[in-house]
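Survey of secondary and tertiary structure
Residue-level listing of the chains:
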Amino acid sequence: MEDEALFIQRLTQKDTQEDAFRDLVSRYKKPLYSHLRTLLLDHADTDDVLQNSFIKIFQNIDKFKGESKLFSWMFRIATNEALTFLKQKAHKNQFSYNELSEFLVEELQEDDLYNGDEIQLLLHKAVITLPEKQQLVFKMKYYENLDYQTISEILETSVGALKASYHHAVKKIELFLKDH
């Protein structure tokens, strides 16, 4: 893999931008899809938000300042796109954020692309009981195995606050699972 600075340079120069962006999509499509799928649960919604995220990344690559890794910057854009999408979907369907989350978990059971078992479904049900920020932190740490520093760059939150959020999330999930 080439040096990130050179890659970013290729992304911002008109004569190399198209090929570099194809490389970027090829390199990050799967991890971004996986990340978005944990947030959105629905395959079709995930595809839509992934496409919108790549469009936004392409449109704003010249604004990337290098204050974080390119990966973190792109994940921040995708995360924000997903949260905006969820809020719009909730509003459109006259759901609260939590009601929408419950609806999405129920829909997940019907999704042909979902191959989880009952335990995984129960974990999803536990996760949606968490406040939004704890959900994000838990999903990034547990499902995606991202380190706290990377999550910190994506969510623009201190590592200490993330560790506390994750700890509280795990405790709440443990209580939920004991009760169910």
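Our structure is the block above this text.
Residues numbered from 1 in each chain as written. Predicted model: local features only at pLDDT ≥ 70, side-chain atom pairs only at ≥ 80, totals over all residues. Heavy atoms only, no water.

Further remarks concern helix α1 (residues 4-12). In an α-helix there are 3.6 residues to a turn, and that puts residues three or four apart on one side. Within the span of α1, buried status applies to Phe-7, Ile-8 and Leu-11. The buried residues of α1 occupy an angular sector of 100° when projected down its axis, which confines them to one face. Its buried side turned inward, α1 meets α2 (14-40) and α4 (70-92). Its side-chain oxygen 3.2 Å from the backbone nitrogen of Ala-5, Asp-3 forms the N-cap of α1. (Buried < 20%, exposed > 50% of the residue type's maximum accessible area, 1.4 Å probe, protein only. Helix = DSSP H or I, 4+ residues; strand = E, 2+ residues; numbered from the N terminus. Arc of directions from axis to C-beta. Contact = heavy atoms within 4.5 Å. Polar contact = N/O pair within 3.5 Å; in protein donor to acceptor, adjacent residues only side chain to side chain.)

Here the focus is the side chain of Ser-101. In this fold, Ser-101 is placed in helix α5 (residues 97-110). A residue is classified by how much of its surface remains accessible, and Ser-101, at 8% relative accessible area, is buried. Not counting the four nearest positions on each side in its chain, Ser-101 is found in contact with Ile-128 and Gln-135.

Now for helix α7 (residues 132-143). The end-to-end C-alpha separation of α7 is 16 Å, in line with the 16 Å expected for 12 residues at 1.5 Å each. Among all positions in α7, only Gln-134, Gln-135, Leu-136, Val-137, Phe-138, Lys-139 and Met-140 are buried. The first or second residue beyond α7 is Asn-145, which carries a positive phi of 55°. (Expected span 1.5 Å × (residues − 1).)

Under the counting rule described, the total for this entry stands at 8 salt bridges. Residue Arg-76 is joined to Glu-156 by a salt bridge in which the shortest nitrogen-to-oxygen separation is 3.7 Å. With Arg-76 in helix α4 and Glu-156 in the loop between α8 (148-155) and α9 (159-179), the pair connects residues that are 80 residues apart, well separated along the chain. Arg-76 gets classed as buried once you look at its relative accessible area, which sits at 16%. Lys-87 serves as the salt-bridge partner of Glu-132, at 3.5 Å between the closest nitrogen and oxygen. Here the residue Glu-132 occupies a position in helix α7, and Lys-87 occupies one in helix α4, the gap between them amounting to 45 residues. Lys-87 gets classed as partly exposed once you look at its relative accessible area, which sits at 45%. Several salt bridges converge on common partners, so that one network encompasses Glu-18, Asp-19 and Arg-22. (Salt bridge = Lys/Arg side-chain N within 4 Å of Asp/Glu carboxyl O.)

This brings us to the packing of aromatic side chains. Aromatic ring pairs are described here by two measures, namely the spacing of the ring centres and the angle between the planes. Counted under the stated rule, the structure contains 11 aromatic pairs. Summarising the aromatic geometry, the rings of Phe-138 and Tyr-143 are spaced 6.2 Å apart at their centres and angled 85° between planes, so their arrangement reads as edge-to-face. With relative accessibility at 3%, the residue Phe-138 sits in the buried group. Using a relative accessible area of 29% as the deciding quantity, one classes Tyr-143 as partly exposed. Among the aromatic residues, ring-to-ring pairing joins Phe-138, Tyr-142, Tyr-143, Tyr-148 and Tyr-166 into one connected group. The ring of Phe-7 carries Arg-27 above its face, with NZ or CZ at 4.3 Å from the centroid. We note Lys-141 situated over the ring of Tyr-148; from NZ or CZ to the ring centre the distance is 4.6 Å. (Phe/Tyr/Trp six-rings, centres within 6.5 Å; stacked < 30°, edge-to-face > 60°. Lys NZ or Arg CZ within 6 Å of the ring centre and 35° of its normal.)

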